[in-house]
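Report on the structure
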Amino acid sequence: MSEITFQIDEYSDEALCALVAKGCRDAEEELVKRYFRQVRICARPYFLAGGDSEDLIQEAMFGLLKAIREFEPSHDARFGTFAEVCIRNRIRSAVTSAARSKHAPLNDSIPFETPMLGSDASPEELYISREEETERLARLGRQLSALEREVLTRFLLGLSYQEISEQVGRPIKSVDNAVQRIRRKVAGNFGVFSES
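Residues numbered from 1 in each chain as written. Predicted model: local features only at pLDDT ≥ 70, side-chain atom pairs only at ≥ 80, totals over all residues. Heavy atoms only, no water.

Section: helix α7 (residues 146–156)
Inspection of α7 places Leu147, Glu148, Val151, Leu152 and Phe155 among the buried residues, and these make up the whole buried set. Each buried residue of α7 sits inside an arc of 130 degrees when the element is viewed along its axis, so together they form one side. At the exit of α7 stands Gly158, carrying a positive phi of roughly 90 degrees. (Buried < 20%, exposed > 50% of the residue type's maximum accessible area, 1.4 Å probe, protein only. Helix = DSSP H or I, 4+ residues; strand = E, 2+ residues; numbered from the N terminus. Arc of directions from axis to C-beta.)

Thoughts on helix α8 (residues 161–168)
Turning to α8, its buried residues number three or more, namely Ile164, Ser165 and Val168. Buried residues of α8 fall within an arc of 100 degrees about the axis and therefore sit on the same side.

Brief notes about the packing of helix α2 (residues 25–43) against helix α3 (residues 53–70)
It is the contact of α2 with α3, at a shortest axis distance of 9 Å, that shows an interaxial angle of 135 degrees. Classed by the angle they form, the pair α2 and α3 counts as oblique. Remark: the crossing between α2 and α3 carries right-handed chirality. Together, Arg25, Glu28, Leu31, Val32, Tyr35, Phe36, Val39, Arg40 and Ala43 of α2 and Leu56, Ile57, Ala60, Met61, Leu64, Leu65, Ile68 and Arg69 of α3 make up the contact between the two elements. (Axes fitted to C-alpha atoms, helices over the stretch in contact; angles between N-to-C directions. Parallel < 35°, antiparallel > 145°, perpendicular 65-115°, else oblique. Left-handed = near helix turned anticlockwise from the far one by under 90°. Contact = heavy atoms within 4.5 Å.)

Re the nonpolar core
Of all hydrophobic cores here, the largest spans 28 residues; its most connected members are Leu31, Leu64, Phe79 and Ile91. Mapped by element, the contributors of at least two residues to this core are α1 (13–21), α2, α3 and α4 (79–100). Here this core takes eight residues from α3, the largest share from any one element. Judged by nonpolar contacts, the second largest core, of 13 residues, contains Leu147, Val151, Ile164 and Val175. (Core = buried A, V, L, I, M, F, W, Y, C linked by side-chain atoms within 4.5 Å.)

Focus: the packing of α7 against α8
Running from N to C, α7 and α8 point in directions that differ by 135 degrees, and their axes come no closer than 10 Å. It follows that α7 is oblique to α8 by the angle criterion. In the crossing of α7 with α8, the sense of the turn from one axis to the other is right-handed. Residues Leu147, Glu150, Val151, Arg154 and Phe155 of α7 pack against Tyr161, Ile164, Gln167 and Val168 of α8. By residue class, the composition of the contact of α7 with α8 is six nonpolar, one polar and two charged. (Nonpolar A, V, L, I, M, F, W, Y, C, P; charged D, E, K, R; others polar.)

Distances and angles like these do not, on their own, reveal function.
Dropping the structure here:
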């Protein structure tokens, strides 16, 4: 498709995927724009001690591109759901792969969230998992200052440092310092996630 004669932003995600399958680059770019925030949200719970969060965002983008190119509307699934699964799987795969290889910064990746249980998990396992996550977050919250809690909440929502800075009324440097302190507290004291 060389010339687009329609408003691409008016199409559904699923319709855009169908256009991508026919070779429409504009449709692919529109889906990337729509889901970039989701990519950041999925990558945010992980960080690299001594590394760069952009590495995980890049891996998440590969997951999004895979979802865009492999989505099958005949499977009765929404594209958004499929995309999130592909993004998260790509991030987890990168972290797992790096743990087995020579990429030392990825070895220290720590998720803030509990890994998703499979669909065959029993109600008891789901309840226990939620309780463990709640306790983990409560323990982490007790170690953080008020500013750090505000920053962490917004950071995990995928907001940029600039957006966080505007919302908490602090300079970007203060936000960055808070994020670095949070990372040190979690990475330096992994006991936050284990029984005291």
